[in-house]
Amino acid sequence: MAVAKRNRSETKVDPSAKNIKDAVEQIRLLERQVAESKTHFNNIVTLIQFCEDDSSKVIHAAMHALFRVFSPMLSRGELQKPKKATAEDKKATVTLWLRENYVKYLNRMCAILDLPEAGLQVPALKILLDIVKLESAHLSTLSGAHHFANDLYLNIVDALLNCNNMSAPLLGEFTQKYFGFYDDLRFYFLKNAAQIINAALGSKSKKDNKAPLNKKQKTIAHAPPAKLALILENAFAIMETLKSMPTEAKELDEFWTGNPDPNNEKKEYTGESFGFSEDEDDAVEDLTKDTSAAHVKRHPLLTLFNHKRVFSDCWTALLKLPFTTVIYKKTLLIVHKRIIPHLPQPTVLMDFLTDSYNAGGAISLLALKGLFVLITEHNLDYPDFFQKLYMLFDRNLMHVKYRARFFSQVDIFLSSPLLPAQLVAAFIKRMSRLGLSSPPASIVIIIPLIYNLLKRHPTCMQLIHGKADSEKNDSYDALEDDPMKSNALQSSLWELQTLQNHVAPNVATLAKIFNEQFTKPSYNLEDFLDHTYATMFQNEISKKRKGEAAIAVDPPKGLFVAAVEETAEEEAEQDAVVPGWESWSF
């Protein structure tokens, strides 16, 4: 029996697609019924169940429908917890029931942030932050003063820090549109993040140390390493995007929940809380200490010191986490530009930077700049700084990724004319010695730096005229870790003369600058930091030649012609017949 062929024009109907379409239509119907009459409030339970569906389209429709249901209730104050609720009060019973389902909805929205689908994470974040705005507006209207709904925002921050699927769209949405733009969202994120990290580490904040332990604090324990690693990864991913902070109080002008004092009336901040938390006795922490003549406590969002303080608390808590090598290096790369300038007391990083500087390797190179900023600008006493710096100059230094960054900083560190000549000479001699075994890309950095140091410190010019011409009669002790005891000033720069015969033309030409008078201006070291084998090769092949290159007339017989000819002669001699033995030849 022949099998009937399927008509190509027939389309296969996906039953799941039809079910999804029906579910979305049902969600819209349930939403309309709730909006029309309070008798359909039970539809809210069904809508919350749809938020846990397997289909992303159904979840998307359900969470937006619930937002449209709850947002008018928030604005009208219908979700405010009644102060005195009795079993006979039907209105209070309905309000408590609505609050219970509202909390379930918020918890589900925070859980959606952990889903692996960015198409649900981003709208969930938008809805949650819109609800923060609505709650804050209601609290401000209820109290007559500005308030921020930090109870909900704390849960959002906790969901972000513990997110197992931090997608690039979610991270970019939060950091670019909210965290990096609005002062209040940034302020409370830093405050809440520090609290969450300290709780995960089992430590308490300053406020908790003064107060007696409550039931929640007694159960705080050190989180497992996997959770700490997750919090570190997410917290740093958010914090490293913060490239600027307000430096003046007048720059605090962008608020997601409205300006606490739009007319600049300097109203007193009471610190009272009318939030949606279950504990009505919880008060908003007053971070302000206004020293003005009127002694008026202003809202913490309007004081620049408070923004610096929470920034410091957040980074201090973050640095307590067990860092990975990658995050450790990234932190040291930004510490001098994005962290230290915004700390009220930069010396809190003293132990972190000194330990990093003593760690050795690439970590020490990256900690240099931050530690130098503390020494020069914040009076940090570190007497062994130059000795540690001298010990970092080894063969491995010339091959590390951060070589260019390191030498640009060394040029700054040795720029002071008040440095001892013996110290500067030791650095010059150490770099010259390393140049003998360094790749050409590193040598073209060393030579201009030595030239600049000699011009900056004329006392070291005697190194050019020294008598030593090799390592045998050189008084310099390359194994000495103390630069002041290396006898560098009694040595000479015979290594630079050796480099004048380097195989790389760029290196040889650059090294011959020491044969001329020191009348040229100092080199701009930035012009030599990006050289690599690739750039040097590109420069050579792009040079214009004066004439055609000479080539051999006869094609070569091999790569090593002389060796080939000698081998042929030896084989001919071996094949020759010994005289007198011709009759024995076969």
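The rules behind each value
Residues numbered from 1 in each chain as written. Predicted model: local features only at pLDDT ≥ 70, side-chain atom pairs only at ≥ 80, totals over all residues. Heavy atoms only, no water. Helix = DSSP H or I, 4+ residues; strand = E, 2+ residues; numbered from the N terminus. Contact = heavy atoms within 4.5 Å. Core = buried A, V, L, I, M, F, W, Y, C linked by side-chain atoms within 4.5 Å. Buried < 20%, exposed > 50% of the residue type's maximum accessible area, 1.4 Å probe, protein only. Arc of directions from axis to C-beta. Expected span 1.5 Å × (residues − 1). Phe/Tyr/Trp six-rings, centres within 6.5 Å; stacked < 30°, edge-to-face > 60°. Lys NZ or Arg CZ within 6 Å of the ring centre and 35° of its normal. Axes fitted to C-alpha atoms, helices over the stretch in contact; angles between N-to-C directions. Parallel < 35°, antiparallel > 145°, perpendicular 65-115°, else oblique. Nonpolar A, V, L, I, M, F, W, Y, C, P; charged D, E, K, R; others polar. Salt bridge = Lys/Arg side-chain N within 4 Å of Asp/Glu carboxyl O.

Peer 1: Whenever I open this one, the side chain of Ser 312 confuses me. Can you help?
Peer 2: Among the secondary structure elements, Ser 312 is positioned in helix 12 (residues 304-318). With sequence-adjacent residues up to four places away left out, Ser 312 is seen in contact with Leu 343, Pro 344 and Val 348.

Peer 1: What should I look at first to understand the nonpolar core in this one?
Peer 2: It is characteristic of soluble globular proteins that their nonpolar side chains tend to be buried jointly. Of all hydrophobic cores here, the largest spans 163 residues; its most connected members are Tyr 153, Phe 189 and Leu 389. Ranked by the residues each element gives to this core, the list is headed by helix 3 (residues 56-76), at 12 residues. Non-local contacts of Phe 189, meaning those with residues more than four positions away in its chain, are made with Tyr 153, Val 157, Leu 161, Phe 174, Phe 179, Ile 238 and Met 239.

Peer 1: Would you mind going over helix 2 (residues 43-50) with me for this structure?
Peer 2: An α-helix turns once per 3.6 residues; consequently, residues spaced three or four apart project the same way. Taken as a whole, helix 2 has its buried residues at Asn 43, Ile 44, Leu 47, Ile 48 and Phe 50. All buried residues of helix 2 fall inside an arc of 155 degrees around its axis, so they share one side.

Peer 1: Sorry if this is basic, but what is going on with helix 6 (residues 150-161) here?
Peer 2: Taking 1.5 Å per residue as the helical rise, helix 6 with its 12 residues ought to reach 16 Å, and the 16 Å between its terminal C-alpha atoms agrees with that figure. Buried-residue contacts for helix 6 involve helix 4 (90-112), helix 5 (118-143), helix 7 (168-179), helix 8 (183-201) and helix 11 (225-239).

Peer 1: Hey, could you run me through the packing of aromatic side chains in this one?
Peer 2: Summed over the entire model, instances satisfying the criterion amount to 30 aromatic pairs. Ring plane angle 65 degrees and centroid distance 5.2 Å describe the contact between Tyr 182 and Trp 256, whose orientation is recorded as edge-to-face. Within this pair, whereas Tyr 182 is found in the loop between helix 7 and helix 8, its partner Trp 256 is found in the loop between helix 11 and helix 12, the two being separated by 74 residues in sequence. Exposure class is identical for Tyr 182 and Trp 256. Each is buried. Here a set of aromatic residues connected by ring pairs shows up, and it is made of Tyr 357, Phe 372, Tyr 382, Phe 385, Phe 386 and Phe 413. When the ring centre of Trp 256 is taken as origin, the NZ or CZ atom of Lys 133, which lies over that ring, is 3.7 Å away.

Peer 1: Before we go on, may I ask you to explain the packing of helix 3 against helix 5 in this structure?
Peer 2: Between two packed helices, both the angle of their axes relative to each other and the distance between the axes serve to describe the pair. Taken N-terminus to C-terminus, the directions of helix 3 and helix 5 make an angle of 5 degrees; their axes are 11 Å apart at the nearest point. In this view, helix 3 runs roughly parallel relative to helix 5, as classed from their interaxial angle. Across the interface between the two elements, Ser 56, Ile 59, His 60, Met 63, His 64, Phe 67, Ser 71, Leu 74 and Ser 75 from helix 3 touch Gly 119, Leu 120, Pro 123, Ala 124, Ile 127, Asp 130, Ile 131, Leu 134, Glu 135 and His 138 from helix 5. Looking at side-chain class alone, the contact of helix 3 with helix 5 contains 10 nonpolar, 7 polar and 2 charged residues.

Peer 1: Got a minute to help me understand the pattern of salt bridges in this structure?
Peer 2: Note on pairing: side chains with opposite charge can pair once their charged atoms come close. In the structure shown here, the tally under the stated rule is 15 salt bridges. In this structure, Lys 177 and Glu 173 form a salt bridge, with 3.4 Å as the shortest nitrogen-oxygen distance. Here the residue Lys 177 and the residue Glu 173 both occupy positions in helix 7, the gap between them amounting to 4 residues, near one helical turn. Between Glu 471 and Arg 433 there is a salt bridge, with its nearest N and O atoms 3.7 Å apart. Pair noted here: Glu 471 is in the loop between helix 19 (440-456) and helix 20 (494-499) and Arg 433 is in helix 18 (residues 421-435), with a separation of 38 residues, a long-range link. Here the salt bridges do not stand alone but share partners, grouping Lys 429, Arg 433, Glu 471, Asp 474 and Glu 495 into one network.

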